[in-house]
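# Reading the structure
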Number of protein chains: 2
Amino acid sequence: MPETDPFRWAGIPVLAYKEEGSHFRDVTRQVLFDGEGIGAELRYFEIAAGGWSTLERHQHVHAVLVVRGEGRVLIGDQVVAVAGHDLVRVPPVIWHQFRAAPHAPLGFLCLVPCGRDRPEQPDAAALAALRRDATIADFIRT
Amino acid sequence: MPETDPFRWAGIPVLAYKEEGSHFRDVTRQVLFDGEGIGAELRYFEIAAGGWSTLERHQHVHAVLVVRGEGRVLIGDQVVAVAGHDLVRVPPVIWHQFRAAPHAPLGFLCLVPCGRDRPEQPDAAALAALRRDATIADFIRT
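Just so it is clear, the structure is predicted and the values come from calculations on it, not from any experiment.

### Comments concerning the overall build of chain A
- When its secondary structure is counted, chain A shows two helices and eight strands.
- In chain A, the order of α-helices and β-strands from amino to carboxyl end is β-β-β-β-β-β-β-β-α-α.
- Its C-alpha atoms give chain A a radius of gyration of 15 Å, near enough to 14 Å, the size a compact globule of 142 residues would have.
- Along the first, second and third principal axes, the C-alpha atoms of chain A reach 45 × 35 × 25 Å.
- Across the 142 residues that make up chain A, the buried fraction comes to 49%.
- Within chain A, contacts between residues separated by at least 24 positions form 66% of all contacts whose residues are at least 6 apart in sequence.
- For chain A, the exposed surface amounts to about 6,600 Å²; the carbon and sulfur share of it is 50%.
- One way to put it: in chain A the 15 positive side-chain charges average out to a point 4 Å from where the 18 negative ones average out.

Take a look at the structure:
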């Protein structure tokens, strides 16, 4: 896959990342398998260079496979660098956010259970707690 | 990913495709996510050039993403060519077999439900039925 243009799975509609909100930037979504007969949905997300996903948490687990580009991920109290072929498991009820590098997109597959709970965003108290760590304070976008 | 050497997900054990049998050739398996908290398991299979997976069927569904190389797949009564980024859904109780091209590996992600039934191989009558189609007769390996 080229590293500069957005990658698209051929023939699969490119969707908005989420229906509404301004808590993310430059993210697209493709549903590769809807989970019929499996119970888990496989999606491809691509964050353009400089963009980010929503800072959120939920009961359900994410299993993520980075397939192109590079970026960083907040998982709980850690910010880790990720690039092609890294595997990332986001455990239940852990604050997480994905950011593409300034100069490269971040494309990843994300597996989730079909019957999943709605993500929660941090309130003022949760944000203050996250920001007590300087690395996290610098990393997160809301 | 290079097209000639086997590709390996870093840090993930490379397993035998199946525990026993001679109904497949040159296939490895890596379990990328075991399904904990999701209910579906994501595996990476790589068939070396000239190799094939087991000819089988089962109640559970396969959702397959080809990520490298090329080959052909029997699904029911059709033999289709596949290459990087093709999506293949194998419906319930459909005979299927994956074969790498003679000159290239076939590497694919395969998503399955954790609670799945055991695959069935064709008996003599089922094989005879499959072989009534000349394309399938030429394609299948047992």
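### Remarks on the interface of chain A and chain B
- Taken together, the contact pairs 25 residues of chain A with 25 residues of chain B.
- Both sides together, the interface formed by chain A and chain B hides about 2,100 Å², and carbon and sulfur atoms give 79% of it.
- Of all residues in chain A, the largest losses of buried area upon contact with chain B belong to F33(A), I38(A) and H85(A), amounting jointly to 31% of the total for that side.
- Where chain A packs against chain B, one counts one salt bridge.
- A salt bridge links E36(B) to R89(A); its shortest N-O distance comes to 4.0 Å.

### Quick word on the relation of the copies chain A and chain B
- It takes a turn of 180 degrees to lay chain A on chain B, together with a shift of 0.0 Å along the axis; the resulting RMSD is 0.0 Å. When the rotation and shift are considered jointly, the pair of chain copies conforms to a two-fold rotation axis. Taking C-alpha positions as reference, the residue of chain A nearest the rotation axis is A40(A), located at 3.0 Å.

### Structural notes on the pattern of salt bridges
Residue and element names in this part refer to chain A.
- One pass over the full model with this rule turns up seven salt bridges over all chains.
- Across the pair R116 and E41 runs a salt bridge, and its minimum N-O distance is 3.6 Å. In this pair, R116 is assigned in the loop between β8 (106-113) and α1 (124-131) and E41 in strand β3 (residues 40-52), connecting sequence segments 75 residues apart.
- Judged by its relative accessible area of 13%, E41 falls in the buried class.
- Close ionic contact of R57 with E120 constitutes a salt bridge, the shortest N to O distance being 2.9 Å. Highlighted residues: R57 in the loop between β3 and β4 (62-75) and E120 in the loop between β8 and α1, separated in sequence by 63 residues.

### Some points on the packing of aromatic side chains
- The tally for this structure, following the rule as stated, stands at 14 aromatic pairs over all chains.
- With centroids separated by 4.8 Å and ring planes inclined at 85 degrees, the aromatic side chains of F7(B) and W9(B) adopt a geometry described as edge-to-face.
- On the basis of an interplanar angle of 20 degrees and a centroid distance of 4.7 Å, the ring pair of F98(B) and F108(B) is categorised as stacked. You can see F98(B) sitting in strand β7 (residues 96-100) and its partner F108(B) sitting in strand β8 (residues 106-113), a full 10 residues away along the chain. Here F98(B) and F108(B) have matching classes, each one buried.
- One aromatic cluster is present, built from ring pairs that chain together Y17(A), F24(A), F45(A), F98(A) and F108(A).
- The ring of F139(B) carries the charged tip of R99(B) above its face, separated from the ring centre by 5.1 Å.
- The lysine or arginine in question, R141(B), covers the ring of W52(B), its NZ or CZ lying 5.8 Å from the ring centre.

### Describing the environment of A100(B)
Residue and element names in this part refer to chain B.
- Relative to the helices and strands, A100 is located in strand β7.
- Distance from A100 to G39, taken between C-alpha atoms, is 29 Å for residues 61 residues apart in sequence.
- Each residue touching A100, except ones within four places of it in the same chain, is listed here: I47, A48, A49, G50, G51, E70, G71, P105 and L106.

What counts as what
Residues numbered from 1 in each chain as written. Chains lettered and ligands numbered in written order. Predicted model: local features only at pLDDT ≥ 70, side-chain atom pairs only at ≥ 80, totals over all residues. Heavy atoms only, no water. Helix = DSSP H or I, 4+ residues; strand = E, 2+ residues; numbered from the N terminus. Rg over C-alpha atoms; globule rule 2.2 N^0.38 Å. Buried < 20%, exposed > 50% of the residue type's maximum accessible area, 1.4 Å probe, protein only. Contact = heavy atoms within 4.5 Å. Areas by Shrake-Rupley, 256 points an atom, 1.4 Å probe, with all protein chains shown as cover. Lys, Arg positive; Asp, Glu negative; His and termini not counted. Charge placed at Lys NZ, Arg CZ, Asp CG, Glu CD. Buried area = accessible area lost by both parts, 1.4 Å probe. Salt bridge = Lys/Arg side-chain N within 4 Å of Asp/Glu carboxyl O. Least-squares fit on C-alpha atoms with pLDDT ≥ 70 in both. Phe/Tyr/Trp six-rings, centres within 6.5 Å; stacked < 30°, edge-to-face > 60°. Lys NZ or Arg CZ within 6 Å of the ring centre and 35° of its normal.

Function cannot be inferred from these measures alone, as they are strictly geometric.
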